[in-house]
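The lines below spell out each chain.
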Amino acid sequence: MTEYKYIGWVPCINGHLDFGLMKVGIRGGFTDRKYNDDKILERNFSATGVASKHDRMVLLQSKVDWRDSKSTDEYVGRFRIFVGAKVAASQNMNKRHLEGSILIYPLEAEPEKSEEKKKMNIHELTHELAHELECSGKVENFYKIKNLIDNPSEVTGLKDDTLFCSLKFTISCNGVVKLGYNDDSCELDDNSDYIIARQAFYYLKYSIHSHRHHVDEQDSLTTITQNDSDAGLRLVCQLKRELTSLSREQKLDNRIHATSDAKGIIAYSKSLLLGLRDEGLLSKDGVEKELLYFENILKSFEGLENSILRTEFNTESIKSKSKVILGFILISLWGTANFIFAASEKIKVDTPFSFMIPVMMLFFVILVYFAIKRFYAILTDAKKLVEVYSISLKSISLRIGLALLSIVVLIFIDLMQ
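Bear in mind the structure is a predicted one, so any value in this text is a computation, not a measurement.

1. As for the side chain of Asn 141
Within the secondary structure layout, Asn 141 lies in helix 3 (residues 135-150). Setting aside chain neighbours within four positions, we find Asn 141 in contact with Leu 125, Glu 128, Leu 129 and Glu 132.

This is the structure we're talking about:
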């Protein structure tokens, strides 16, 4: 039995993945959208030939550009991926799972001429399967291709110095994925070993799952980790990390991020916990404790979102009220001015600074508008209201004293005249 070195999770909200919907999820450029692959293999059929049956056989193939450098070499970062997998048939929905292998090798390992590529046994078999009408022929070719994916050394036409990696995987109905290398032919250092397994996981993940609660760049939302006794909790903490990051972003810019649905991610997290419990990766008590934590996180996000929505509502309300009051003031001033000037002789402003009058009026209007906004902002901010009304006795006395002193000074100036 192959040891599964890594473990991950394909997001599954309802606890039962539908392997009959599995198809190529990554093709062409993963980061470079200009690179495309139109000649993919996508075969998902019943082993018995009955379309509605769940005993699926799945064969996928596509070219992927995982280039992460600025190299101009057209082959750098480009790989050929094959997936061959079969669903374990069972009338018990909880026991249905997908077992198979994924083969990864660089495109430059294949012959340069198209004619020679077509003669490679793995391409010949996939071409036959793509055009096979009878179920028996499909099943036969499936096992032949699956054998090559399991044993890449038997693939003909590849260059001798090719680095090819074949990984065996199992995907439970609840989305838990286990990955391990089929043999020791792919000799890598620990870091490269992990990177290739992670890319294999992403390929499988996006062949089953279409993300709805995060953007493309958030691939680390669920990734692989070492398969040990603490793996389950680490997978849970991956989602906690993303939720913490999202919470900080929303607090920082005080707006709700439509591209990242925190409530949706929390719902996935609860499903993950139940899946880990079923796989024996988390204890019952551990799951119950984590569910309580996620309930608290959900309430926290609800409170944060309500606060943001209240702030947005108050802001719009303040703007609207300020504009209404400003309009009322302008209309009142305009009416008063018309009344005064209409009842008196024409007033001539004889000053070289007459052009400043409209500028001062505009300045006055802007000043009044912002003063009104400030007033309503204080009325809708509990903290500022406390600052306004929480005045100490010393402060009150000082203000009254200054007011009385001002009155005395004004009276004195009036008497002096």
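2. Observations regarding the packing of aromatic side chains
Taken as a whole and judged by the stated rule, the model has 6 aromatic pairs. The interplanar angle of 65° and the centroid separation of 5.9 Å between the aromatic rings of Tyr 6 and Tyr 194 together place this pair among those described as edge-to-face. You can see Tyr 6 sitting in strand 1 (residues 6-9) and its partner Tyr 194 sitting in helix 4 (residues 190-208), a full 188 residues away along the chain. Here the aromatic rings of Trp 9 and Tyr 268 are separated by 6.4 Å at their centres, their planes lie at 75°, and the arrangement is edge-to-face. Residue Trp 9 is found in strand 1, and its partner Tyr 268 is found in helix 6 (residues 262-278); the two are separated by 259 residues along the sequence. The two residues Trp 9 and Tyr 268 agree in class, both being buried. Stacked on the ring of Phe 45, the Lys or Arg Lys 138 has its end atom at 5.6 Å from the ring centre.

3. Concerning the nonpolar core
Judged by nonpolar contacts, the single largest core of 37 residues is most densely connected at Ile 102, Leu 167, Phe 169 and Leu 179. Elements with a contribution of two residues or more to this core: strand 4 (56-65), strand 5 (78-87), strand 6 (97-106), strand 7 (165-172), strand 8 (176-181) and helix 4. Of all the elements, helix 4 adds the most residues to this core, at 9 residues. Beyond its immediate chain neighbours, meaning those up to four positions away, Leu 179 contacts Tyr 4, Lys 5, Tyr 6, Leu 167, Lys 168, Phe 169, Ala 197, Phe 201, Leu 204 and Ile 224.

4. Re the environment of Leu 292
Its place among the elements puts Leu 292 in helix 7 (residues 284-342). What makes Leu 292 exposed here is its relative accessible area of 57%. The spacing of Leu 292 and Lys 270 is 22 residues in sequence and 9.9 Å in space, taken between C-alpha atoms.

5. Quick notes on the pairing of strand 4
The element strand 4 is largely enclosed, with a buried count of 9 among its 10 residues. With 2 bridges connecting them, strand 2 (residues 28-29) and strand 4 associate as parallel partners. Paired with Gly 29 across the bridge in strand 4 is Asp 65. Two elements, strand 3 (residues 41-46) and strand 4, share 6 bridges in a ladder whose sense is antiparallel. Across the sheet, residue Asn 44 finds its bridge partner in strand 4, namely Val 58.

6. Overview of the confidence of the model for the protein
Per-residue confidence for the protein gives a mean pLDDT of 79; residues scoring 70 or more make up 70%. For residues 212-219, every residue scores under 50 in pLDDT, and the model assigns this stretch 18 contacts once sequence neighbours within four places are set aside. Low pLDDT, under 50, characterises residues 385-389; the stretch is placed with 3 contacts to residues that sit more than four places away or in other chains.

7. Considerations on the pattern of salt bridges
Here the structure, examined in full by the defined rule, presents 10 salt bridges. Between Arg 80 and Glu 110 there is a salt bridge, and its shortest N-O distance comes to 2.8 Å. Remark: Glu 110 occurs in the loop between strand 6 and helix 1 (114-118) and Arg 80 occurs in strand 5; sequence separation between them is 30 residues. A salt bridge links Asp 228 to Arg 234, with the shortest nitrogen-to-oxygen separation between them at 3.0 Å. With a relative accessible area of 34%, Asp 228 lands in the partly exposed category. Since its relative accessible area comes to 30%, Arg 234 is described here as partly exposed.

Thresholds applied
- Residues numbered from 1 in each chain as written.
- Predicted model: local features only at pLDDT ≥ 70, side-chain atom pairs only at ≥ 80, totals over all residues.
- Heavy atoms only, no water.
- Helix = DSSP H or I, 4+ residues; strand = E, 2+ residues; numbered from the N terminus.
- Contact = heavy atoms within 4.5 Å.
- Phe/Tyr/Trp six-rings, centres within 6.5 Å; stacked < 30°, edge-to-face > 60°.
- Buried < 20%, exposed > 50% of the residue type's maximum accessible area, 1.4 Å probe, protein only.
- Lys NZ or Arg CZ within 6 Å of the ring centre and 35° of its normal.
- Core = buried A, V, L, I, M, F, W, Y, C linked by side-chain atoms within 4.5 Å.
- Pairing = 2+ DSSP bridges.
- pLDDT = per-residue confidence, 0-100.
- Salt bridge = Lys/Arg side-chain N within 4 Å of Asp/Glu carboxyl O.

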